[in-house]
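# Fold and contact review
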Amino acid sequence: MIRRVLQFVLPAAVLGAGAGGAMWLVANAQKAKPKPAEKFQPTIRVQTVSLEDYRPIITAQGTARARTEIGLAAEVSGRVMWISPKLVAGGLFDEGDELFRVDARDYELAREQALADINSAKAASTNALAQVSSARAAAAQAEARITREEAEAEAARLEWALLRKVGEPPALLVRVPQIKEAKASLFSANAQANAANAQLHSADAKLKAAEAALELAQLNVDRCSVKAPFDGRVRSQTIGVGQIVSPSAIVARLQPVDVAEVRLALPLEDFGFLDFAGAFSGGSNLTNQPTVRLRPSAEVGGGWTGKVLRSLGEVDDGTRMMAVVGEVKDPYRRLYKADGEVLSFGMFLRADIEGRELKRVAVLPRDVLRGGDSVHVFAEGKLNSRKVE
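A brief structural summary. Numbers given to residues run from 1 along each chain, matching the order in which its sequence is written. Two thresholds apply to this predicted model, a pLDDT of at least 70 for residue-level local features and 80 or more for giving and counting side-chain atom pairs, whereas whole-chain, interface and lining totals are computed over all residues. With hydrogens and water excluded, all non-hydrogen atoms of the structure serve as input to the side-chain values.

### A look at the overall build of the chain
We apply this condition: A run of H or I in DSSP becomes a helix once it reaches four residues, and a run of E becomes a strand once it reaches two; helices and strands are each numbered from the N terminus. Residue contacts are defined here by distance: any two heavy atoms, one from each residue, within 4.5 Å place the two residues in contact. Using a 1.4 Å probe, the Shrake-Rupley method yields the accessible areas, and only the shown protein chains count as cover for residues.
Secondary structure assignment for the chain yields three helices and 18 strands. In the chain, 73% of the contacts between residues at least 6 apart in sequence involve partners at least 24 apart. Approximately 25800 Å² of the chain is accessible, and the part contributed by carbon and sulfur atoms is 54%.

### Remarks on the sheet that holds strand 12 (residues 291-296)
Heads up, the condition is: Pairing between strands requires that DSSP locate at least two bridges from one strand to the other. Lines fitted to C-alpha atoms define the axes, with helix axes restricted to the stretch in contact, and inter-axis angles between N-to-C directions lie between 0 and 180 degrees.
In space, the six strands of this closed barrel follow the order 2-11-14-13-12-15, with antiparallel pairing throughout. Strand-to-strand twist across the sheet, computed as the mean angle between neighbouring axes with direction ignored, equals 40°. Where strand 12 lies against strand 15 (residues 348-354), five bridges are found, and the strand directions are antiparallel. Each bridged residue has a counterpart across the sheet, and for Arg293 the counterpart in strand 15 is Asp352.

### Details of the packing of aromatic side chains
Two aromatic rings, taken as a pair, are described by how far apart their centres are and by the angle between their planes. Basically, it comes down to this: Working definition: a ring pair exists when centres of Phe, Tyr or Trp rings (six-membered ring for Trp) sit within 6.5 Å. Plane angles under 30 degrees give stacked, over 60 give edge-to-face, the rest tilted. Working definition: with a 1.4 Å probe on protein chains only, accessible area under 20% of the residue-type maximum means buried, over 50% means exposed, and in between means partly exposed.
With the rule as written, the count across this model stands at two aromatic pairs. Ring geometry for Phe93 and Phe230: centres 6.4 Å apart, planes at 35°, overall tilted. Of this pair, Phe93 sits in strand 5 (residues 92-93) while Phe230 sits in the loop between strand 7 (225-227) and strand 8 (232-237), placing them 137 residues apart in sequence. Considering the side-chain rings of Tyr332 and Phe345, the 5.1 Å spacing of their centres and the 80° angle between planes classify their relative orientation as edge-to-face. You can see Tyr332 sitting in the loop between strand 14 (321-329) and strand 15 and its partner Phe345 sitting in the loop between strand 14 and strand 15, a full 13 residues away along the chain. With respect to class, Tyr332 is no different from Phe345; both count as buried.

### With respect to unusual backbone geometry
If you check the backbone angles, Arg320 has positive phi at about 60° while not being a glycine. Backbone geometry places Asp330, a non-glycine residue, at a positive phi of 50°. When you line up the elements, Asp330 lands in the loop between strand 14 and strand 15.

### Regarding a nonpolar patch on the surface
Cut-off, in case you're wondering: Distance thresholds for patches are 9 Å for like charges and 5 Å for nonpolar side chains (Val, Leu, Ile, Met, Phe, Trp, Tyr), applied to residues having over 30% relative accessible area and no salt bridge. Whenever a carboxyl oxygen of Asp or Glu lies within 4 Å of a side-chain nitrogen of Lys or Arg, that contact is scored as a salt bridge.
On the surface, a nonpolar cluster with roughly 290 Å² of combined accessible area is contributed by Val46, Phe378 and Leu383. Relative to the helices and strands, Leu383 resides in strand 18 (residues 382-387).

### A word on the side chain of Asn220
Mapped onto the elements, Asn220 comes out in helix 3 (residues 176-223). Owing to a relative accessible area of 14%, Asn220 belongs among the buried residues under this scheme. Filtering out sequence-adjacent residues up to four positions away, Asn220 remains in contact with Val76 and Tyr107.

### Remarks on the sheet that holds strand 5
Reading across the sheet, the four strands line up as 3-10-8-5 and stay open at both edges, with antiparallel pairing between neighbours. Of all strands in the sheet, those bounded by a partner on one side alone are strand 3 (70-72) and strand 5. Where strand 3 lies against strand 10 (residues 252-256), three bridges are found, and the strand directions are antiparallel. The residue of strand 10 that forms the bridge with Ile70 is Leu254.

### Topic: the pattern of salt bridges
Applying the stated criterion across every chain, the model contains 12 salt bridges. Among the ionic pairs, Glu69 bridges to Arg253, the shortest N-O distance being 2.8 Å. Taken as a pair, Glu69 in the loop between strand 2 (57-66) and strand 3 and Arg253 in strand 10 lie far apart in primary sequence, 184 residues in all. You can call Arg253 partly exposed: its relative accessible area is 32%. Between Arg293 and Glu354 there is a salt bridge, and its shortest N-O distance comes to 2.7 Å. Residue Arg293 is located in strand 12, and its partner Glu354 is located in strand 15; the two are separated by 61 residues in the primary sequence. The class for Glu354 is partly exposed, based on a relative accessible area of 23%.

### Describing the pairing of strand 13 (residues 304-315)
Both strand 12 and strand 13 contribute to a ladder of four bridges, which runs antiparallel. Bridged to Leu294 within strand 13 is Trp304. Where strand 13 meets strand 14, five bridges bridge the pair, whose relative direction is antiparallel. When the sheet's bridge partners are listed, Lys307 is paired in strand 14 with Glu327. Counting the residues that bridge the hairpin from strand 13 to strand 14 gives five residues, and of these Arg320 lies at a positive phi of roughly 60°.

### Thoughts on the environment of Glu211
Looking at the element boundaries, Glu211 is found in helix 3. Take Glu211: its relative accessible area is 37%, and that puts it in the partly exposed class. For Glu211 and Ile118, which are 93 residues apart along the polypeptide, the C-alpha to C-alpha distance reads 6.3 Å.

### Side note on the nonpolar core
Where we set the bar: Take the buried Ala, Val, Leu, Ile, Met, Phe, Trp, Tyr and Cys residues and link them wherever side-chain atoms come within 4.5 Å; each set so joined is a nonpolar core.
By size, the foremost hydrophobic cluster in this structure holds 27 residues, and its most contacted members are Leu264, Leu266, Leu294, Val324, Leu343, Leu349 and Ile353. If you list the elements that add at least two residues to this core, you get strand 2, strand 11 (259-267), strand 12, strand 13, strand 14 and strand 15. Sequence-distant contacts of Ile353, defined by excluding residues within four places in its chain, comprise Pro56, Ile57, Ile58, Leu264, Leu266, Leu274, Pro290, Thr291, Val292, Val308 and Val324. Of all hydrophobic cores here, the second largest spans 23 residues; its members include Val76, Ala228, Phe230 and Val245.

Okay, structure coming up:
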């Protein structure tokens, strides 16, 4: 029975207590008093400016690259007999250094054969020259004999006439057979001279061919020693001792180290601050060559100073920017054996390019620009917006 009474009494008591507490809170609640709104007064930082000459700095970034890269190949075919320790990836070499050597024995034998051919051609030429001289001497003797025989024949005719003999003198008396024989000897001597001249010309041609073969053989012997065409570095190589090489096979890739080039992409509007005559036409037409200062993106060393030599004269379709090419001399510090930080190819760099000098301008921090082309000017107690020229 008690249990049943509690089931009804307790809930009613809880509800009554809650209703009474709520009424007390409503009766004793404090009302919020409104505060008057304060007038907004922005903080203004005023900076006094003056007109001065100023040279802007255009920033960009790019990667150091070699000016060019060539494929190294042998000029003759053969087996590789020796490789320089410098001919490894990353190896540095000087102009004229021997990089590898090809077996030269075949070309040395060809040189000896050419020497033998030269001697043979010279002997043939000497022999032909002797035959020419002999034939000419025989021809001269034949001509002299003809002259003598004709003189004797004329004398015989005069004697025949003085003796008042009837008829023509006999052929033997007027030397007809002797004259014919002398003329035949002259014809034979001239034929021998012509033949000897032909042999002489042939020998001279063989001599020239043998001399050309000797020059080619010597050139091939020299080509067996492959030397560096410039001061540079090895980017990669695929050659080993015993390998058969040919003129069409690239065995290494070489880069000159006289300069390093950096392509720097610039927004088109930045060219207005640079003294680039004809920059949009490209080519090496930047006569003023602005100074560019390069520094690594990571803290790995100092910086380098170079010149901007040219623009590419082409706007990139994706970025709508155009690149200029900066150059740093002797990046690996080898040409002049100078001290300083080495600028390695492939290093990512940040660049500061000196712009053209602006006369009588106000230099302001970038964060004071509003809308990208105007600033606030405080004058006579008022703040006005003024467009930047």
